[in-house]
Structures are given as structure tokens and as C-alpha cells.
Amino acid sequence: MGFKGEHQKPQKGKLKAPSSIMATRQTAVFLVVVVLSLPGLTNCFLHTSSVDGLSSTHRDITRKAILRKTAEVCRDIAAAEARDFSLNIDDSLSVTRVQRACSSSSNSTSSSSTDMFQNAIKSMHRSNADVDRSFPLDVEYHFHDEAIQAGRKIITEGLSSVKANMRLGNFAAARETLGRICHTLQDFYSHSNWAELEKTTPYSTLIRPDQPLENLAGPDTPTCKSCTGATMCADNILPAVLSQGLITSGYFNVISSVKPAGKCSHGGQADKTSTVDPVGGINKDGVESGHGSFHKRAANLAVDATMELLEDIRVAAGDQSFLQLMDLSQAPALCFVIDTTGSMRDDIESAKNVSFNIIDKRRETQQEPSEYILVPFNDPGM
């Protein structure tokens, strides 16, 4: 959950339990799913267009970061190959414009290549949204309940999986994992107080397991006071937390109102913890949220953080592998047809040299084919 989300509707069926205790637990789980399925009761960035049109969604954030980072990769490749790259890297980027700019022939675009790029982005959107369906109440997937360490573990382990799958050529699996960890990473900026701390750059430590997580609010450290506004309040984080730069996130629960004394809540209609002292919440999922005045800043930080994650993948895997991850990179297969007839013996070595020269010139460029095919032919019967 984060920057508003979508949830699966509960399946119809009877609850069966061997005891009243089990029945109570199953009923509670059923109620959780129902609550999370009701319109307006979500606790994360939207995944589709926002109702007000002013709030950024997980889709907006992910798409913007992918288009920008992919355009940067293609720009750098073009510079290395002494080719022109005239695309402005800004909020006006589209799938078609980026695909055309990344094409080795900048005057044309392939509809099939554009569709492949678009489908790659869509697959990451789907796995991003699936976090809310599969792990709606797992605090580590959404940085709820000050689960900063556990959330970082989700991201870094997923990042390692993305890189491993790319090395094996399993780009579909890499995209699926990438979409999921993008959701968790983006949620940090909506659910923590990073934006309220007036940070202007991402919290890079979240993608670097070798760096310590510093300045986290301790479990007994009060972080919030009750909101005074009727609907929104942007000043409920304690001044001491802000002045010391302590990192915290809101508590969230759809059943129980229990939370540690003095801790911030996520907020919103579904969050029971926000009804007890300190009341209110600090989420920035939309402009209408308790801390909606920080929504734009949080969304921009989430875009920058997603780009930083993509850059980390790019550096580890290389430009061509990164473009393969986006299903955008490779030229068609290159086929060599060589006459291996005995009478051609003197020319075969020259043909091999020419072939190797072609391969070397295309290596690590956009003209590098997805595969090479060698087709020998000779006189019948040989």
C-alpha cells in the first residue's frame, strides 16, 4: 500500500472453523478484506488515475521514472556512438517518443518495438499493484509501523533477485520483481516523514544493504501529537522529531486501535489507530490526505528514488542488458551464410575475419543482435 492502492474483492463462500476461536479469526480476516475493498478506504498511492486528477499514482511515478531513465541510457549510448540524440528528458516523455529516440534509426519507429516497450512497463505496473493485493497488511511491504529495517530488506533482497535474473536472461521475472520493490520503495516517501524533514534527495540507504540505517526514531520515542484540524493537519509531527531529523512512519491497522504511546498513525478512514491519541495521520497518499500538502514533494521524491534504483540496476547490468529489461534493446538476429565447399577453402578464412569484424563492431551497441546464426552450405552430398 502507498500513494493509494487497489484491493481484490472478497470471494463469496462459507466460513468453516473447528472452534469459535478459529471462526472469530477467519471472520476478522474476512472483514479486513472487505474494509480494504471499499472505495475511499485505501491507504496507499492510487494505481490508476486519481479521482481529483491532482494526485500522483504508483502508475504515474513508475512510468515517469522508467521513461526518464531509459531515455538517459539511450542518450548516453548515442553519445558514445557519436550519434545525435535530440529528445528532451522531461515530463512530456511518452513510450513512442522514447522508443523512437532509442532506435538506431531515429527517423522511424517500429510499432512492434513500441508495443514491446509498453508491455514491459505494463508488466511492472501489474506487479507493483499486486503488492496491495498480496500483502495488504504486511507492514514491511509498505513501511508502516516504523518498519524501516524490514522494508529495506524487502527492497535490497528484491534488487539482488532482479540482477540475478538479468544475468540469467530471465527478464520477465526481473520485471515482475522490479515492479514489486518499486511499490515498497515508493511507499516510504508517502508513509514516512522524509518529506516533512525537508529532504530534497532520496534516502539512498534503502537500496544499499551495506550502509547503516541511522537516525531512526526509537520504539519508545514519541513522534506525534494529535491533529487540531478538522480534516487535514500538517503540524502533528513533534518539533523534536523534526529538529533532530528522526525518521518515523505511521502505524496502521484496520481492526485494532492499539499502537505504541505517542506514535504517529497512517491516518484515513480505514486506519483504526488514528482514532486514538495522538489522533490523525501523516500519510501523503493523495492531496486529500492528512499530510496532503506534502503529497507532491513525496511523489517527486518517489520518482527520484525509483530512478536511483533503476540506475543501480543499469550500472550493475550494463546499458544493453538494461534495455533488454525494458524489452527495447536488441536488433533482430544476424545470420551469416558461408559456403564451406572445399573449393572455397582459401576464401573461408577471409569470410570468418569479415564476420568477426562485424560482430566486434556491434558489440555493446544498439546494433548488437539478439543472437547470431551461422548457416553453412556446400555442394550436395558433402
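Whatever comes next refers back to the structure up there.
Description of the structure in this document. (Residues numbered from 1 in each chain as written. Predicted model: local features only at pLDDT ≥ 70, side-chain atom pairs only at ≥ 80, totals over all residues. Heavy atoms only, no water.)

Moving on, we get to the overall build of the protein chain. The helix and strand tally for the protein chain stands at ten helices and two strands. In the protein chain, the succession of α and β elements from N to C terminus is α-α-α-α-α-α-α-α-α-β-α-β. A separation threshold of at least 6 residues defines the contact pool for the protein chain, and within that pool the share at least 24 residues apart is 69%. Total accessible area on the protein chain is roughly 18800 Å²; 52% of this is exposed by carbon and sulfur atoms. (Helix = DSSP H or I, 4+ residues; strand = E, 2+ residues; numbered from the N terminus. Contact = heavy atoms within 4.5 Å. Areas by Shrake-Rupley, 256 points an atom, 1.4 Å probe, with all protein chains shown as cover.)

A cluster of nonpolar side chains, namely Val337, Ile373, Val375 and Phe377, defines an oily patch on the protein surface of about 320 Å² accessible area. Looking at the nonpolar patch, the element that brings in the most residues is strand β2 (residues 372-377), giving three residues. When you line up the elements, Phe377 lands in strand β2. (Patch = residues over 30% accessible without salt bridge, like charges linked within 9 Å, V, L, I, M, F, W, Y side chains within 5 Å. Salt bridge = Lys/Arg side-chain N within 4 Å of Asp/Glu carboxyl O.)

Moving on: the packing of helix α2 (residues 58-80) against helix α3 (residues 95-102). What describes two packed helices is the angle between their axes and the distance between those same axes. Packing of α2 against α3 leaves a shortest axis separation of 9 Å and a crossing angle of 15°. Accordingly, the angle class assigned to the pair α2 and α3 is roughly parallel. α3 is crossed by α2, and the crossing has left-handed handedness. Every residue of α3 that contacts α2 at Arg63, Leu67, Thr70, Ala71 and Cys74 is listed here: Val95, Val98 and Cys102. Looking at the contact of α2 with α3 residue by residue, the class counts come to six nonpolar, one polar and one charged. (Axes fitted to C-alpha atoms, helices over the stretch in contact; angles between N-to-C directions. Parallel < 35°, antiparallel > 145°, perpendicular 65-115°, else oblique. Left-handed = near helix turned anticlockwise from the far one by under 90°. Nonpolar A, V, L, I, M, F, W, Y, C, P; charged D, E, K, R; others polar.)

A full pass over the atoms with the stated rule returns six aromatic pairs. With 5.9 Å between their ring centres and 55° between their planes, Phe188 and Trp194 make a pair best called tilted. Note that Lys199 overlies the ring of Trp194, its terminal NZ or CZ placed 5.1 Å from the centroid. (Phe/Tyr/Trp six-rings, centres within 6.5 Å; stacked < 30°, edge-to-face > 60°. Lys NZ or Arg CZ within 6 Å of the ring centre and 35° of its normal.)

A word on the state of the cysteines. Enumeration according to the criterion identifies three disulfides in this entry. Paired through a disulfide, Cys74 and Cys102 show a sulfur-sulfur distance of 1.9 Å. In this structure the cystine formed by Cys74 and Cys102 twists about its S-S bond by roughly 105°; its chirality is therefore right-handed. Remark: Cys102 occurs in helix α3 and Cys74 occurs in helix α2; sequence separation between them is 28 residues. Each member of the pair, Cys74 as well as Cys102, is classed as buried. Between the sulfur atoms of Cys224 and its disulfide mate Cys264 the distance is 1.9 Å. Its torsion about the S-S bond being 90°, the disulfide of Cys224 and Cys264 is classed as right-handed. Of this pair, Cys224 sits in the loop between α6 (171-191) and α7 (239-244) while Cys264 sits in the loop between α7 and α8 (295-317), and the two are 40 residues apart along the sequence. (Disulfide = S-S within 2.5 Å. Buried < 20%, exposed > 50% of the residue type's maximum accessible area, 1.4 Å probe, protein only.)

Coordinates in, geometry out; function isn't part of it.
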